Amino acid sequence: MTQLPGQYPEYRPRRMRQNEAFRRLIRETRLSAEQLIMPYFVVEGRGVKEAIEAMPGQYRYSPDTLLAELETLVALDVRTVLLFGVPDENEKDEQASAASSAEGILQKTVREIKSRFKDLLVITDVCLCAYTSHGHCGMLSPEGQIDNDASLDRLAETALSHAQAGADIVAPSDMMDGRIRAIRTRLDAAGFKNTAILSYAAKYASAFYGPFREAAHSAPAAGDRCSYQMDPANREEALREIAMDIQEGADMVMVKPALAYLDVLREARERFQFPLAAYAVSGEYSMLKAASERGWVDEKKIVLEMAVSLLRSGANTIVTYHAKDIAFWLKNSQVNHFKEVKTF
Ligand code: PBG
């Protein structure tokens, strides 16, 4: 701080908090629907809207029901979605063949969305875990180890198939080394110079992903993801991962999960002048739902407070399962800030 604030009683910080009009005037961080990215899970079929038990209020949609849902989302001014494909169990194999198929669930869905919504940004999650029979994010060697370099080819092929279907942004979440360059190279070679890459750059091996794995049927059959996702104890390493992905050609980088990693977000903001996203993951959503269903916390207030904390920490963009709710709340809060004045 270059200048110290005045001292009591000349300076009274409460003066600028005396009513909502004052508070709004000096508010440092503002949340708007355009900053939000809404995730969706897509399954095969028609007319499907299947509740995800561990994530109350979230569903697995077939392409047709998703299109209907997107009408509502767009009407609330949320302009960006992140899609996860949930293939049928019998489509899974060792090579994650369905991940890069032009007739895969994600590719079909993206084509349908793009033919209907011209100004909706579509981000696709690029990973193998929902498509491999073993549930790991990369390919396995015959010895059962993650084969990093063999995975790169499959990931690049998958990203390319998403771009061909019309994805605006591809978002690799696998955490293999070198995947950003592999994907950029493959996209450019095929003429997809304008397809952007959102890298899950600092993605931690987190228990907060529990509900997602139920939603996407993507839990590893054996072992865990600690050899590729990051150790929650590490901050310096996150900055190296981010630097590396920027150098390899990422257009946006992400920190994930969000709430337990605000220090990483802040430091990434200060260290890199680069578009930065925070992902409030499934476990963060489910914990809030569980507590608010019991009446222990006020869902709306907590969600808004948490979202603002991510922006304050340095994120430009927030991926959250509450995106639609937040947009609804923002649209429907006509606060009369003079009338609201209460003096205590
Ligand atoms: C796929 C992927 C995961 C998430 C996003 N992409 C699961 C995982 O890594 O196990 C988690 C998202 C969430 O919990 O909301 N690799």
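The structure we're discussing is the one just above.
Residues numbered from 1 in each chain as written. Predicted model: local features only at pLDDT ≥ 70, side-chain atom pairs only at ≥ 80, totals over all residues. Heavy atoms only, no water.

Colleague: What's the story with the pairing of strand β1 (residues 36-42) in this structure? I'm lost.
Modeller: Across the 7 residues of β1, 7 count as buried, placing the element largely inside the fold. Of the two faces of β1, the one holding Leu36, Met38, Tyr40 and Val42 and the one holding Ile37, Pro39 and Phe41 are both buried throughout. Sheet analysis places β1 next to strand β12 (residues 317-320), joined by 2 bridges and oriented parallel. Each residue of the ladder has a partner; that of isoleucine 37, found in β12, is valine 319. Sheet topology places β1 next to strand β4 (residues 80-85); 5 bridges connect them, and they run parallel. Residue proline 39 lies in a different strand from β4, and its bridge partner there is leucine 82. In the sheet, β1 pairs with strand β3 (residues 59-61) via 2 bridges, with the strands oriented parallel. Considered in β3, the bridge of phenylalanine 41 is made with arginine 60. (Buried < 20%, exposed > 50% of the residue type's maximum accessible area, 1.4 Å probe, protein only. Helix = DSSP H or I, 4+ residues; strand = E, 2+ residues; numbered from the N terminus. Pairing = 2+ DSSP bridges.)

Colleague: Got a minute to help me understand the nonpolar core in this structure?
Modeller: One recurring pattern in soluble globular proteins is that nonpolar side chains are buried together. The biggest cluster of nonpolar side chains holds 81 residues, and the ones touching the most others in it are Tyr40, Leu70, Leu83 and Ile113. Residue contacts for leucine 83: discarding those within four places in its chain leaves Tyr40, Val42, Leu66, Leu106, Thr109, Val110, Ile113, Val122, Ile123, Thr124 and Asp125. Counting residues in each nonpolar core, the second largest holds 26 residues, with Phe41, Ile52, Met55 and Val281 among its members. (Core = buried A, V, L, I, M, F, W, Y, C linked by side-chain atoms within 4.5 Å. Contact = heavy atoms within 4.5 Å.)

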